[in-house]
Amino acid sequence: MNLQTRAILEEQAVHRRLMQFGEHASLATPIWEARDTSVRAIAAHLATLWDPPARLDERGDPLVTEKGLPHARASVLNLIVTVNDDAAADRIVRTLLDLGVRHPSRAIVLVPQHGTANQPLDARISTHCHETDDGDRMCYEEVILTVRGEAADHLSGIVAPLLIHDLPTHVWWPSDPPFNDPVFDQLVEMGDRVLFDSSDFTDLLGGLRRLGSLRHASGIGDLTWERLAWWQELTAQFFDAPRFRRYLPNLSRLLIRYAVPLPDAGMLPGDPNASEPGVPSPMAQALLYAGWIATRLGWRRYRTLQPLQDGAFQLTLEGRHEMIELAIRPEPTAAVRTGELLSVRLRSLGETGAAEFIIDRTGDVAVVATNADGMTALLRRVAMETPREAELLSAQLTDDVVDPIYENALRAAAIILASARESAG
Amino acid sequence: MATRTAEPPSAAVIPPPEAVPSAPHANPLREGLRHERIAEPCTMIICGATGDLTERKLAPALYNCLLDGFLPPEFTGVGFARRQWTDDEFRAHLLAGINKYSRNRPVKPEIWESIAATIEYQQGDFNDPAAYVELAKRLDRIDRDRGTAGNRLFYLAVPPSLYPEIVSHLHHAGLAASGDDRATGGKRGWTRVIVEKPFGYDLESARTLNRVIADVFDEDQVYRIDHYLGKETVQNLSVFRFGNGLFEPIWNRRYIDSVQITVAETVGVEGRGEFYDETGALRDVVQNHGLQLMAMFAMEPPVEFGPEDLRDEKLKVLRAVKPMSPADVATNVIRGQYVSGWVEGERITSYRDAPEVAPDSETDTFVALKLAIDSWRWAGVPFYLRTGKALPSRVTEIAVQFRRAPLALFSRAGVSQVDPNVLAIRVQPDEGILLRFGAKVPGQGLQIRTVNMDFRYGSSFAVDSPDAYETLLVDAMVGDASLFTRADEVERAWEILQPILDAWNTGQGGPLHFYAAGTWGPPAADELLERDGRAWRKP
């Protein structure tokens, strides 16, 4: 037994003791690390990961008790995450931890490094356990694989033997996905559901179009769509009451404002329509929101476009009863994250009278109000916190069905953006 | 799983959305959102709003519903009680409750300001007709100002003895009728009333109570709250049975030997002496939680998961329970009362020494009974129910014992009969499912040991479950009565238990047994099963 092996065994023993006595809070112990290893060795290690330490009763028989099982654990899903570098891998590890060890039973983080070919495969396996208030212990396994050289072109073959069988597999690209890389198609093929964050797309139009054309059995998840959930809820609430629902057919203007960095923050807002290489477009949320409203309300065709100043633009759409002005405007601010919505205003000017439906965000509070026929009704303040990546991921891991409403909104968002580009060009 | 590439859509036209089923006149923006079930604008009136229930349960539940977006923006809360409070005093009472008991806390001041503006207080004596007239005026004004559209949810957070008075005054003030039955108020909107348990004290009082309520409200307006039914597990029980193909085929007398239902508490009466001494375990737990759990466990699959279908099926189970003769009571029902002992490392004094308990009290703090469900599915399968205070652990579970393997195939190898398989469904505290089966001990020779396969909800879904009251309040606002008890269920449950109460009253029901706090009830309860060749589980 060499020294290194002994060190690892000791570490494992400590880890298992901690597990056994249920230390509070979250335990993250790297327990196995190997350079230049093989898929088979990794799989073999994963298979023994939860072998309980031998506990014997006073007669020397293996101890079996109803409540004293070392790891009572139910498996829920596999999550495959592909990142570009070690820094991104660290961020994902933190997000997974922040997930409160909520969903994945096994998370495999892939760090492909093309080019360099010696030591094709490094692996780091750790387990994370989190104790709930009721004394339940939630655990998951995390496998970080650095794949180099030619092997990086065959990621699916490396991952496949490492998945927990018979569980749904979610494939997530936390940053700009390599849409044109054959490995992308391999992993998409392998997943039951694929997850993206369209706020990370550097080529927003290309990305939206590609998502719109990806058909997947268990659907596509988009963390940006999840970011809109509370805005959608508040918007829908305006029209749950029949007395305000009558304004819906006569909406004539939708103004959406979204956050971009302040000019002095080092990054000029520039023209958010233009895609700058390497910089994600901040407009994804605003476009998906517009696409959602447009498809839900059956707004059809754009007529004219007025490019406004500083990256804002305005389209005219044809509703079922009215023409609708759709305006999307960036607003420099340091108060919220770039790309977050700041304000949504829906105006109705029909025979039913004038009304405006407003959600204005300042920091982590929003003012929600309805102005109908000159009266302000139901003015209220609601919490509006920017969800953490882990919360977004958690919600998207729970919904594992095709969402036609998202897919429609996605296609409409691409069309709105393309229209803005065309006229700007 | 396959991907298919479609042409990118043309840039000029937003295509018509792909067919998303849409109900006519529905809010098109609501469809597909996480909350598809949204309460209509409404006012909730809490009668007895200054009490403990409001502070501990209702205010936190409403606040969490609001944060999660389950309440409509128009939602308005009105407290109605005797105390001379101002709106602000009432709001402070709610805020204190939320900051103390809510799963989300503390409340952000800037948001509370906005919530407080939707809360009012109506002072009034429950026996004063003028108070209800004032209340009616206030509710009409709220309908106008806040757009609550005449929808009203009354919550009777008062002792049942006050129900007749309140219900009758609501009626005379025109506050009880729904929609078209309303004399005034634009004939719009619904009125619903939530009633807390206990639903009566015995069969007769339950019938009287139901009649009092039925004189004023239609049954579809009445929501009897048994918070057990709002727990996630009880809903999981249905998913477990009807969402899996594996269990339902063996859920019958052919495969199941017996069923044990345990609702055990570790605490004694602790300050509830006066109430409990009048009530006892049979009334306090078996009548509602115990029989409801049994009904959910034993019912036939409903045709649909609608409220009436579900409650019809539960009622059928209760109707199939054979009522007992006094002789049956003496043999099949064991009642017990705890004497001093140790529970969870603490000393508990005898029940009779507890404050406000009669020194010669005959009240049951423990009851174990054997019931028979005379239905095609369950004939011959005994259902053993037990509940009690000052027991060794706090646990609610349903345990199914399956029949033994038909042959003792391994007896020649010196192995006696293998223990029967057990499937235990734990409701609380560690919600989950456990399956017990025999396995060979590795090595030469043949030795069989029983092992447990244990699944805990908490270890696969670490999601903050909503409190039962959150689920139930939203259900009542949406008009979904599935998790509420219907009048006929309540009365049938009392019909099952009344012969037991009568036998005890007339001294024919067998003696009161004593058990030390911290034990699983009196030895007579064990004998009840030993007679049948069975034993209680030690959960």
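Residues numbered from 1 in each chain as written. Chains lettered and ligands numbered in written order. Predicted model: local features only at pLDDT ≥ 70, side-chain atom pairs only at ≥ 80, totals over all residues.

Peer 1: Which residues make up the overall build of chain A, and what values go with them?
Peer 2: Tallying secondary structure elements over chain A gives 12 helices and 16 strands in all. The 425 residues of chain A split such that 43% are buried. A sequence separation of at least 24 residues applies to 72% of the contacts in chain A between residues at least 6 apart. (Helix = DSSP H or I, 4+ residues; strand = E, 2+ residues; numbered from the N terminus. Buried ≥ 20, exposed ≤ 12 C-beta atoms within 10 Å, placed from the backbone. Contact = placed C-beta atoms within 7 Å.)

Peer 1: Please provide a residue-by-residue account of the overall build of chain B, values included.
Peer 2: When its secondary structure is counted, chain B shows 14 helices and 17 strands. Taking 2.2 N^0.38 as the reference for a compact globule, 539 residues should give roughly 24 Å; the C-alpha atoms of chain B span a radius of gyration of 26 Å, in line with that estimate. Counting only C-alpha atoms, chain B reaches 80 × 80 × 45 Å along its principal axes. Relative to its full complement of 539 residues, chain B shows a buried share of 44%. (Rg over C-alpha atoms; globule rule 2.2 N^0.38 Å.)

Peer 1: Give a description of the sheet that holds strand E16 (residues 448–456) of chain B that names residues and reports values.
Peer 2: Residue and element names in this part refer to chain B. In spatial order, the strands read E16-E15-E14-E13-E7-E12-E11-E8-E17; together these nine strands make up an open sheet with mixed pairing. Unpaired on one side and paired on the other, E16 and strand E17 (512–516) mark the two borders of the sheet. Strand-to-strand twist of the sheet, defined as the mean angle between neighbouring strand axes without regard to direction, takes the value 20°. The pairing of strand E7 (residues 256–264) with strand E12 (residues 382–388) spans six bridges and is classified as parallel. Each bridged residue has a counterpart across the sheet, and for alanine 264 the counterpart in E12 is glycine 388. (Pairing = 2+ DSSP bridges. Axes fitted to C-alpha atoms, helices over the stretch in contact; angles between N-to-C directions.)

Peer 1: For helix H13 (residues 487–505) of chain B, give the residues involved together with the corresponding values.
Peer 2: Residues three or four positions apart in an α-helix share a direction because the helix packs 3.6 residues into each turn. Residue and element names in this part refer to chain B. Over its 19 residues, H13 runs 26 Å from end to end, which matches the ideal 27 Å to within 8%, given 1.5 Å per residue. The largest bend in H13 is about 40°, located at leucine 497, with the proline proline 499 one to four residues further on. Every buried residue belonging to H13 is among Glu489, Val490, Arg492, Ala493, Trp494, Ile496, Leu497, Ile500, Ala503 and Trp504, and all of these are buried. For H13, the secondary structure elements touched by its buried residues are helix H6 (203–216), strand E6 (222–225), helix H8 (273–298), helix H9 (307–320), helix H10 (326–332) and strand E8 (333–339). (Expected span 1.5 Å × (residues − 1). Bend = angle between axes of the 7 residues up to and from the residue.)

Peer 1: So what about the confidence of the model for chain A? Which residues, and what values?
Peer 2: Regions with low pLDDT carry predicted coordinates that are not meant to be interpreted in detail. All names here are of chain A. When pLDDT is averaged along chain A, the result is 80; 78% of the residues meet or exceed 70. Here helix H1 (residues 3–21) stands out as the least confident element of chain A, with mean pLDDT 44; helix H10 (residues 284–296) is the most confident, with 96. Below pLDDT 50 for its whole length, residues 64–72 participates in 14 contacts with residues either more than four positions away or in separate chains. Predicted confidence is poor over residues 266–270, with pLDDT under 50, and the contacts of this stretch with residues over four places away or in other chains come to 10 contacts. (pLDDT = per-residue confidence, 0-100.)

Peer 1: Describe helix H1 (residues 52–67) of chain B, with residues and values.
Peer 2: Residues and elements named next belong to chain B. Spanning 16 residues, H1 covers 22 Å between terminal C-alpha atoms, matching the ideal 22 Å at 1.5 Å per step. Maximal helix bending in H1 amounts to about 35°, located at leucine 58; proline proline 60 follows within four positions. Among all positions in H1, only Thr54, Lys57, Leu58, Ala59, Pro60, Ala61, Leu62, Tyr63, Asn64, Cys65 and Leu66 are buried. Where H1 is buried, its residues meet strand E1 (43–47), strand E2 (76–81), helix H2 (87–101), helix H3 (109–116), strand E4 (152–156) and helix H12 (468–478). Phi turns positive, to about 80°, at glycine 69, one or two residues after H1.

Peer 1: I'd like a rundown of unusual backbone geometry, residues and numbers included.
Peer 2: A cis geometry characterises the amide bond from B:Arg105 onward to B:Pro106, with omega recorded as -5°. When you line up the elements, B:Pro106 lands in the loop between H2 and H3. Residue B:Pro429 is bonded to the preceding B:Gln428 through a cis peptide linkage, with omega at 5°. Counting through the fold element by element, B:Pro429 comes out in the loop between strand E14 (422–428) and strand E15 (432–440). The backbone of A:Asp166 sits at a positive phi, close to 65°, despite the residue not being glycine. With respect to the element layout, A:Asp166 can be found in the loop between helix H4 (155–159) and strand E6 (169–172). Notably, B:Ala149 is not glycine yet its phi reads approximately 55°, a positive angle.

Peer 1: Describe the confidence of the model for chain B, and please don't skip the residues or the numbers.
Peer 2: Taken over all residues, the pLDDT of chain B has a mean of 88, while the share at 70 or more is 91%. Counted against residues more than four places away or in other chains, residues 1–12 of chain B, with its pLDDT under 50, gives 23 contacts.

Peer 1: Let's hear about the domain arrangement of chain B: which residues, and what values?
Peer 2: What the domain assignment lists for chain B is domain 1 (43–196) and domain 2 (229–464 + 486–530). Taking only C-alpha atoms into account, the centre of domain 1 of chain B sits 37 Å from that of domain 2 of chain B. (Domains from an automatic or database assignment.)

Peer 1: Describe the sheet that holds E2(B), naming the residues involved and giving the relevant values.
Peer 2: The strands that make up a sheet are held in pairs by hydrogen bonds between backbone atoms, and each pair lies either parallel or antiparallel. All names here are of chain B. Taken together, the six strands give an open sheet; going across it, the order is E3-E2-E1-E4-E5-E6, and neighbouring strands pair in parallel fashion. On the outer flanks of this sheet lie strand E3 (119–123) and E6, each paired with one strand and no other. With strand direction ignored, the average angle separating the axes of adjacent strands in the sheet is 20°. Across four bridges, the pairing between strand E5 (residues 191–196) and E6 is parallel.

Peer 1: Explain the environment of A:Pro261 residue by residue, including any values.
Peer 2: Note on placement: A:Pro261 falls in the loop between strand E9 (251–260) and H10. Considered as a pair, A:Pro261 and A:Pro280 are 19 residues apart in the sequence and their alpha carbons are 12 Å apart.

Peer 1: Hey, could you go over the environment of B:Trp112 for me, with residue numbers and the actual values?
Peer 2: Residue and element names in this part refer to chain B. As for its placement among the helices and strands, tryptophan 112 is situated in helix H3. With 18 C-beta atoms counted inside 10 Å, the residue tryptophan 112 sits in the partly exposed group. Each C-alpha atom of the pair tryptophan 112 and phenylalanine 383 lies 50 Å from the other, and the pair is 271 residues apart in sequence.

Peer 1: Before we move on, could you go through the pairing of E15(B) and cite the residues and values that matter?
Peer 2: The two faces of a sheet get side chains in turn, since along a regular strand they alternate between them. Residue and element names in this part refer to chain B. Note: E14 against E15, five bridges, orientation antiparallel. Across the sheet, the residue bridging to valine 422 is arginine 436, located in E15. A loop of three residues connects E14 with E15, the two strands running antiparallel in sequence. Sheet topology note: the E15/E16 ladder contains nine bridges and is antiparallel. Counted as the bridge partner of leucine 434 is aspartate 454 from E16.

Peer 1: Can you explain the packing of helix H5 (residues 163–172) of chain B against H6(B)? Please cite residues and give values.
Peer 2: Residue and element names in this part refer to chain B. Close contact between H5 and H6 brings their axes to 9 Å; oriented N to C, the two are set at 10°. Classified by the angle their axes make, H5 and H6 are roughly parallel. The residues of H6 that touch H5, namely those facing Tyr163, Pro164, Val167, Ser168, Leu170 and His171, are Leu209, Val212, Ile213 and Val216. Partitioned by chemical class, the residues of the contact of H5 with H6 number eight nonpolar, two polar and no charged. (Parallel < 35°, antiparallel > 145°, perpendicular 65-115°, else oblique. Nonpolar A, V, L, I, M, F, W, Y, C, P; charged D, E, K, R; others polar.)

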